[in-house]
Structures are given as C-alpha cells and as structure tokens.
Amino acid sequence: MKFGVFSVSMPEYDVPQSVQLLKELGYQGVEWRVAEMPEKEPEEIDFEKRYWIYNKSTLELRDISNEAAKAKQLCNEAGLEIFGLTTYLAVGEREKLLPVLQAAKEIGCHQVRAGLVPYDPAKADKPYPELFAQLREDLKALESSLKENQVKLVLEIHMDTMIASPSAAYRALEGLDPNYYGLIFDPGNMVNEGFEEYQKSFELLGDYIAHIHIKNGILEADGRDELGALKWKRTWTPLKEGMADLKKLFEIMHKMGYDGTVSIEDFSNQQPTKEKLEYNIQYLHQLAEAAKQPK
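The following refers to the structure shown. Every value quoted in this text rests on a predicted model; they were computed, and no experiment measured them.

## Regarding the nonpolar core
Trp32, Leu85, Phe185, Ile212 and Ile214 are the most contacted members of the largest nonpolar core, which has 81 residues in total. Not counting chain neighbours up to four residues away, the residues in contact with Leu85 comprise Trp32, Val34, Leu59, Val100, Ala103, Ala104, Ile107, Cys109, Gln111, Val112 and Arg113.

## Considerations on helix H1 (residues 15–25)
Of all the residues in H1, the buried ones are Val15, Ser18, Val19, Leu21, Leu22 and Leu25. Taken around the axis of H1, the buried residues stretch over an arc of 165°, which confines them to a single face. Among the structural elements, strand E1 (2–6), strand E2 (29–35), strand E3 (58–60), helix H3 (64–78) and helix H11 (273–292) are those in contact with the buried residues of H1. At the N-terminal boundary of H1, the capping side chain belongs to Asp14, with an oxygen 2.9 Å from the backbone nitrogen of Gln17. Phi turns positive, to about 90°, at Gly26, one or two residues after H1.

## Structural notes on the pattern of salt bridges
Going through the model one piece at a time under the given rule, you end up with 14 salt bridges. Put simply, Arg62 and Glu36 hold a salt bridge, and the shortest N to O gap is 3.9 Å. With a gap of 26 residues between them, Arg62 in the loop between E3 and H3 and Glu36 in the loop between E2 and helix H2 (50–53) connect regions that are remote in the sequence. Between Glu289 and Lys292 there is a salt bridge whose closest N-O contact spans 3.4 Å. You can see Glu289 and its partner Lys292 sitting in helix H11, three residues apart, about one turn around the helix. For Glu289, a relative accessible area of 43% translates into the label partly exposed. Residues participating in the shared-partner salt-bridge network are Glu36, Glu60 and Arg62.

## Focus on the packing of aromatic side chains
Per the stated rule, a full pass over the model turns up ten aromatic pairs. Ring geometry for Tyr51 and Phe267: centres 5.0 Å apart, planes at 65°, overall edge-to-face. On the criterion of sequence distance, the pair formed by Tyr51 in helix H2 and Phe267 in the loop between strand E11 (261–264) and H11 is long-range, its members being 216 residues apart. Residue Phe267 is classed as buried on the basis of its relative accessible area of 6%. A ring pair is formed by Phe185 and Tyr198, whose centres lie 6.2 Å apart and whose planes are at 75°; its orientation type is edge-to-face. Note that Phe185 is positioned in strand E7 (residues 181–185) and Tyr198 in helix H9 (residues 198–205), a separation of 13 residues in sequence. Looking at Phe185, the relative accessible area reads 0%, which means it is buried. One aromatic cluster in this structure is built from Tyr51, Trp52, Trp236 and Phe267. Taking NZ or CZ as reference, Arg50 lies 4.5 Å from the ring centre of Tyr51, over its face. One residue, Arg171, lies across the ring of Phe132, its end atom 4.1 Å from the ring centre.

What counts, and at which threshold
Per chain, the residues get numbers from 1 upward, laid out in the order the sequence is written. Side-chain atom pairs in this predicted model are given and counted only at pLDDT of 80 or more, local residue features only at pLDDT of at least 70, and totals for whole chains, interfaces and linings cover all residues. Only hydrogens and water are set aside when side-chain values are computed; all heavy atoms of the structure are taken into account. The term nonpolar core refers to a set of buried residues drawn from Ala, Val, Leu, Ile, Met, Phe, Trp, Tyr and Cys, joined through side-chain atoms within 4.5 Å. Burial status follows relative accessibility: with a 1.4 Å probe on protein chains alone, a residue under 20% of its type maximum counts as buried, one over 50% as exposed, and anything between as partly exposed. When checking whether two residues touch, look at their non-hydrogen atoms; a contact exists if any pair is within 4.5 Å. Helix numbers and strand numbers start at the N terminus; a helix is a DSSP run of H or I with at least 4 residues, a strand a run of E with at least 2. The arc in question is the one traced by the directions running from the helix axis out to the C-beta atoms. A 3.5 Å cut-off defines polar contacts: any pair of N or O atoms within that distance qualifies, except that in protein one atom must be a possible hydrogen donor and the other a possible acceptor, and neighbouring residues in sequence count only when both atoms are side-chain atoms. Salt bridge criterion: a side-chain nitrogen from Lys or Arg within 4 Å of a carboxyl oxygen from Asp or Glu. For Phe, Tyr and Trp, where Trp contributes only its six-membered ring, two rings pair if their centres lie within 6.5 Å, and the inter-plane angle classes them as stacked under 30 degrees, edge-to-face over 60, or tilted in between. By the criterion adopted, a ring carries a charge over it if an Arg CZ or a Lys NZ lies within 6 Å of its centre and within 35 degrees of its normal.

Here it is as structure tokens:
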C-alpha cells in the first residue's frame, strides 16, 4: 500500500513546496489538484475556505500539459509517485477533460478524476433517473479517449452529487471496463451522505475501487428548527475525531486484499498543515499495521 496526499490538503504550499514537504514527511506519492486558478490572489482568504478559494498546491487546468510535466520532474527528483490528476470537471465536459487525459499519458500517470456531477433536487432541471442516465451516457462516450491515452477515469463517492453512495457508484459504473473506469472510495464523504457498510461496499465494487481518500468528519448539532427538532451541520475533523471508522476500513481493505494507493484529504483546521500531515502519516501506518494483527 502506498500513502500520499491529495494536494487540496496543502493550500498554502505551492507545487515545489508541496513536493518538498511530502518528501520530508515520508509520503510516497501525491494526487494533484487540477483546476483553473484565479488570476490574482485575494487579499483575505477565509481560513476554513482556503482549500478552494486560492489553493496554491494546484496544477493550472488551462496549461495542464506544461504544468503536469513540471510536476512530474519535481516528483521524480523527490522520489514521489503521482497517484492521479484530480479535476473538478463533470464527465460531460469532454473537451476540457481531453487535455487532462493527454497530459496524464505524457507523464505516465494512469488516473484522472472526473464525475463530480452535483445533484441538488431544488435546482435539478430533470428527475434524478434522467440525470443518472445522462451520466452513464457521458461516461460511455469517453471510452475511446481513455483507451487512446491508456488512462483510467475515476469517479468519487461524494455527497451532494449523482453518486453519493457505493451502490449509486456501482450503478454508474456497472458494465464498464474496470481497466478504464474506476472509483475513489471516500469514507469521510459518506459521513455526510451515502454511508454503506465497508465490507459490503468493497464486495459490491470489486475491481472498480481504484484509489482511497482518507479524511473524517461529524454531524454536529446546529440549533433547532421551528418545530423544535434538532438541526445538524457537517463539520470536518482530525482523522481520529470523526464518525468514519477508519480502523474498520483498514481491516476491510486488508481482508479484501486492497494494496493500492491511499491519499490524505484532510479539511480539518485544528492544526497547521505540516503538523497535521505529519500526524496523519503516522496514523496511516498505525492503521495499516493494526489491520494485519490476528482478530
């Protein structure tokens, strides 16, 4: 098993600084955030929103071929593997996805994330089954490009999207070639929406599980509604403080023979980034070792 970091977790570090930090902390790889960056850094950035407003650990989507090549050289020099290029593009945005697939091929990276197709029933212009059918068609339309570039397109279990649960993810991928289509399994997102028992999920998804994200969170009481019922809000936490049972997850990963890549995607804000990532890699090794012990 190889441990890395999804660079979204390192917002104040630029790309070279990110590589050096990961090398220093003993990570084996990096999953690069790929997005369009604002032309100018905002004067003030909300601390809790810094992951998305002006994240410096990002490869610029509009120049992805050059950006990926530079990142590859830095990673090679540091002995880091590039686990994937992770975009925020929907699978239907084919013209924007194609340069990312080509850049991945050029640097020998075999995984590109897409498929974060938002789903908000209050804003949806069609019923969910129709939108889901379109998602399937968009996925199939990419197959020739994936084969041409020898790249796997991965979706992610993610709240507030078309595939918020393992079962929904399986329905999206069912019948597609797992050599070219896969899934990022994300237990932290499943705290917010879509939780299903881990072993059942792994048995269902099988070879489609291509990568794993590790983060954690809770549902926190947030006042009461007009009828007096408790309301709840989503809150990201350090890995040991959340509702996702990461120890159980690693036990199932070991039991099911998963020996692939794992990325930290930690949005908690209690520690500085470096301290948090140092703590996290120690915990990942502890979880992996504990999973091997006889039960």
